[in-house]
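Chains, contacts and geometry: an overview
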Amino acid sequence: MNTQSSTPESSAIPPIVPVVISPVRLLYWSIQRELWENRSIYIAPLAAASFLLVGFLIGIIALPGHRMATVLSLPPAKQQAAIALPYEIAEGLIMATAFFVGLYYCLDALHGERRDRSILFWKSLPVSDLTTVLSKASVPFLLILLSFAITVATQFIMLLLSSAVTLGSGLSAAVVWRQLSLSRLWLMLLYHVVTVHVLWYAPLYGWLLLVSAWARRAAFLWAVLPLLAIGFVEKIAFNTTHFAHWLAYRFSGPEAFNFSASPGVSAEAGGMSMNMITSLNPGKFFSTPGLWIGLAVAAAFLYAAARLRRYRGPI
Amino acid sequence: MTTGATTLSASTPRVSAWRQFSWSVRREIWENRSIYLVPLGVGVLIVIATAINVMQMAPRLHTAPLDPVQQHPAVEAPFIFASLLLMFSTMVVSVFYSVDALYGERRDRSVMFWKSMPVSDTITVLAKLSIPMLMLPLLTFAVTFATQFFMLLLGLMGAGTRLWAHLGLLQMWWGEFFHLVAFHGIWWAPFWGWFLLASAWARRAPLLWSTLPPLAIGFGEKIAFGTSHFANWLLFRFVGGMNGPPQAYPMSTGMLMSGNALGFFLNIHLWTGFAMCAVFLALAVRLRQQRGPV
């Protein structure tokens, strides 16, 4: 019926030649789309950073010289920890924010578009499901790298602010610069971000995307409760905790085992991140079989999510 | 004008507020089947796991009798464990439900339909609040009761009637009931109110809006003044109140035993929590009136 009525028209109109767009370009614009639609990706870490800067400013202005004077009177070993503490808090808060935003984004990525029916529009575009899923999967990694850049900028501004105030109150800022090796902090953070947040957590993000593509309702519950249930059922039925241990390993990363080599030192210095540099061991990390298994599992999850997106319509 | 109004009011049947409320609650349960499916599923899983356990453990229990002092906690532990697991999973459901309650209906545009009904925003918001505050604790208790009953039957089959002597089931059930209703429902009222407010307010990402600001305030205070009053206050709101002082962490088996109902309801912090919850709810109702679909 339909074909008969449309044949005379289509013979009149010259055949439409589809414009070939390179896959890289498609991927690029898909990622742009994600950034436009989910502004929390960059607003949340930026808001956390500005909030921290305001707090830091209040801290050094409201208590002028007072805290700096107490810090300067400390012995050098504690001095280093006391000076580095706000920088580590800043780092922790921004990275934690980015981590939560990434998890939340992944859970919502393929579920939200089905829920608000915009999937019908996005599927009408000549972009394959695999490209879409890949663009969505790359967002948490971009977010982590972005928040690394924001952390570096924030810590740099904090350093400038604190040296300005210290100079203004008549003390020498040299101690701050000597005791605080920001470049070392940044190098460690970059290493941590790339190894743990990007490579080690890849299956986590893949799992969330898969659940997001699969669940009809309550994606959050589907992502969390099965894992919990398996762990607890194993505990009740066999009184073992293999699954829970495995899950903890997937969360803490292989690095945790490196840190445990010197627990006393890190606890003493008041911040494990300052001593993380000694345990920086890329060779060992990349030869961990768990990493490569995790990456393979992540790829499988993404492939399954792309397949599911093809068959699932709006909810 | 007046005649039109009177005919309209005459033709619309009067539905009492209570009836509207109870049907709104039913609507929530119909729309969010995870409210009852999750506790039921977890309960069934626990019973299956216990059955496996009993089949494996039965010979060992007979051959190696512990002395009574050790036996008591060993017998009780799986029951406490089951109730903790059920509580935790319904807590996750509660958080998820209340964050989504006023946001989801805006997102899928069903809010337009629901607003066309002669049900006020206040009743809708109260019905949504009653799910985490009242329905889920009661439902969790019912499922916990049934689960532990089946566990008891399985245990009696496996270990014989000796089990009965070591288990103060009535006391445990009362403790669980009190903990669920008083603590998960009533004491956490400000949290449920806050989640509903975030859900009514956010245009995107209500979960982030509900969790990140408190996190940022806590970190900001730490970095600005080096203190952690806000974090302590939040922790008190979260775990305190069971026995009054904030240092009483109820995350142990002891929490199921302390049932000082009078002291709980005379606690001033409970009522300040209610006041906070009321403010959050009033704001949520206002927002629901003003906001359309996202």
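Remember, predicted model here, so these are calculated numbers, not experimental data.

**Regarding the overall build of chain B**
The helix and strand inventory of chain B stands at 13 helices and zero strands. From first element to last, N terminus to C terminus, chain B shows the α and β order α-α-α-α-α-α-α-α-α-α-α-α-α. Among the 294 residues that make up chain B, the fraction classed as buried is 35%.

**Describing the overall build of chain A**
Scanning chain A from terminus to terminus reveals 17 helices and zero strands. The proportion of buried residues among the 315 residues of chain A is 31%. Of all intrachain contacts in chain A linking residues separated by at least 6 positions in sequence, the fraction that spans at least 24 positions is 82%.

**What to know about the confidence of the model for chain A**
All names here are of chain A. Confidence in the prediction of chain A, expressed as mean pLDDT, is 80, and 81% of residues score 70 or more. Mean pLDDT values for the elements of chain A range from 38 in helix 14 (residues 263–269) up to 93 in helix 10 (residues 202–214). Counted against residues more than four places away or in other chains, residues 1–7, with its pLDDT under 50, gives zero contacts. Confidence drops under pLDDT 50 across residues 257–277; counting only partners more than four residues distant or on other chains, this segment forms 26 contacts.

**Some details on the confidence of the model for chain B**
Residues and elements named next belong to chain B. Confidence along chain B averages 80 in pLDDT terms, with 79% of residues attaining 70 or more. Averaged pLDDT values for the elements of chain B fall to 49 in helix 1 (residues 2–11) and rise to 93 in helix 9 (residues 189–201). Contacts for the low-pLDDT stretch residues 243–257, under 50 throughout, to residues beyond four places or in other chains number 23 contacts. Reported confidence for the predicted complex is 0.73 by ipTM and 0.79 by pTM.

**Things to note about the packing of helix 10 of chain A against helix 11 (residues 219–238) of chain A**
All names here are of chain A. Direction vectors running N to C along helix 10 and helix 11 enclose 130 degrees, while the axes themselves pass 8 Å from each other. Relative to helix 11, the element helix 10 lies oblique. You can see that helix 10 and helix 11 cross each other, and the crossing is right-handed. The segment helix 10 lies against helix 11, with Trp207, Leu208, Val211 and Ser212 engaging Ala219, Trp222 and Ala223. Along the lines of polarity and charge, the residues of the contact of helix 10 with helix 11 split into six nonpolar, one polar and no charged.

**Some points on the interface of chain B and chain A**
Each side of the interface is counted separately: chain B has 31 residues, and chain A has 31 residues. When contributions to the side of chain B that touches chain A are tallied by element, the ones reaching two or more residues are helix 3 (34–63), helix 4 (68–107) and helix 10 (206–225) of chain B. Broken down by element, the side of chain B that touches chain A gets its largest block of residues, 11 residues, from helix 10 of chain B. When grouped by side-chain class, the residues that make up the side of chain B that touches chain A number 21 nonpolar, six polar and four charged.

**Here's the deal with the nonpolar core**
With 117 residues, the main nonpolar core has Leu52, Leu209 and Ala305 of chain A together with Trp192, Leu196 and Ala284 of chain B as its most contacted residues. With 15 residues, helix 5 (residues 76–115) of chain A is the largest single contributor of residues to this core. Residues contacting alanine 305 of chain A, with those up to four places away along its chain left out, are Leu110, Val133, Leu209, Leu210 and Ala213 of chain A.

**Some thoughts on the environment of proline 214 of chain B**
Residue and element names in this part refer to chain B. Looking at where proline 214 falls in the secondary structure, it is placed in helix 10. With 13 C-beta atoms packed within 10 Å, proline 214 lands in the partly exposed category. As a C-alpha pair, proline 214 and lysine 115 span 99 residues in sequence and 31 Å in three-dimensional space.

**Thoughts on the environment of methionine 158 of chain A**
All names here are of chain A. Relative to the assigned elements, methionine 158 resides in helix 7 (residues 129–168). Judged by C-beta crowding, with 22 C-beta atoms within 10 Å, methionine 158 ranks as buried. For the pair formed by methionine 158 and lysine 284, sequence separation is 126 residues and the distance between their alpha carbons is 34 Å.

**A short note on helix 13 (residues 268–290) of chain B**
The α-helix advances 3.6 residues per turn, and as a result positions three or four apart in sequence lie on the same side. Here helix 13 of chain B spans 34 Å end to end across 23 residues, near enough to the 33 Å set by a 1.5 Å rise per residue. For helix 13 of chain B, every residue scored as buried is listed here: Gly273, Cys277, Phe280, Leu281, Ala284, Val285 and Arg288 of chain B.

**Section: the packing of helix 7 of chain A against helix 17 (residues 289–311) of chain A**
Helix-helix packing: each pair is described by the crossing angle between the helix axes and the interaxial distance. Residue and element names in this part refer to chain A. Between helix 7 and helix 17, the shortest axis-to-axis distance is 9 Å and the interhelical angle comes to 130 degrees. Taken together, helix 7 and helix 17 sit at an angle that is classed as oblique. Classified by chirality, the crossing of helix 17 by helix 7 is right-handed. Along the contact surface, helix 7 presents Asp129, Leu130, Thr132, Val133, Leu134 and Ala137, while helix 17 presents Leu302, Ala305, Ala306, Arg309 and Arg310. Residues of the contact of helix 7 with helix 17, tallied by class, amount to seven nonpolar, one polar and three charged.

**Quick word on the environment of alanine 90 of chain A**
With respect to the secondary-structure elements, alanine 90 of chain A resides in helix 5. On a C-alpha basis, the gap between alanine 90 of chain A and valine 152 of chain A in space is 9.9 Å, while along the polypeptide they are 62 residues apart. Not counting chain neighbours up to four residues away, the residues in contact with alanine 90 of chain A comprise Leu52, Thr151, Thr154, Gln155 and Met158 of chain A together with Ile223 of chain B.

**Side note on unusual backbone geometry**
Most peptide bonds are trans, and most residues other than glycine sit at a negative phi. Residues and elements named next belong to chain B. In this structure, arginine 109 takes a positive phi of about 65 degrees despite not being glycine. Structurally, the position occupied by arginine 109 is in the loop between helix 4 and helix 5 (110–116). Given 13 C-beta atoms within 10 Å, arginine 109 falls into the partly exposed group. In this structure, alanine 205 takes a positive phi of about 50 degrees despite not being glycine. Here alanine 205 lies in the loop between helix 9 and helix 10.

About the cut-offs
- As a convention, each chain's residues are numbered from 1 in the sequence order in which they are written.
- Chains carry letters and ligands carry numbers; both start at the beginning, A for chains and 1 for ligands, and go up in the order they are written.
- Per-residue local features of the predicted model are confined to residues with pLDDT of at least 70, and side-chain atom pairs are confined, for both listing and counting, to 80 or more; whole-chain, interface and lining totals are unaffected and use all residues.
- Every helix listed is a DSSP run of H or I at least four residues long, and every strand listed is a run of E at least two residues long, numbered separately from the N terminus.
- Remark: C-beta atoms are placed from the backbone, and a residue is labelled buried if 20 or more other C-beta atoms sit within 10 Å of its own, exposed if 12 or fewer do, or partly exposed between those counts.
- C-beta atoms are first placed from the backbone for all residues, and any pair lying within 7 Å is then listed as a contact.
- In predicted models, pLDDT denotes the confidence assigned by the predictor to each residue on a 0 to 100 scale.
- In this analysis, axes come from line fits to C-alpha atoms, helices being fitted only over the stretch in contact, and the angle between any two N-to-C directions falls in the range 0 to 180 degrees.
- When an angle is under 35 degrees it counts as roughly parallel; over 145 it counts as roughly antiparallel; between 65 and 115 it counts as roughly perpendicular; any other value is oblique.
- With the far helix as reference, a near helix turned anticlockwise by less than a right angle produces a left-handed crossing, and one turned clockwise produces a right-handed crossing.
- Three classes are used, and their members are as follows: Ala, Val, Leu, Ile, Met, Phe, Trp, Tyr, Cys and Pro are nonpolar, Asp, Glu, Lys and Arg are charged, and the others, Gly among them, are polar.
- To form a nonpolar core, buried Ala, Val, Leu, Ile, Met, Phe, Trp, Tyr and Cys residues must be joined through C-beta atoms within 7 Å.
- A helix is expected to span 1.5 Å for every residue after the first.

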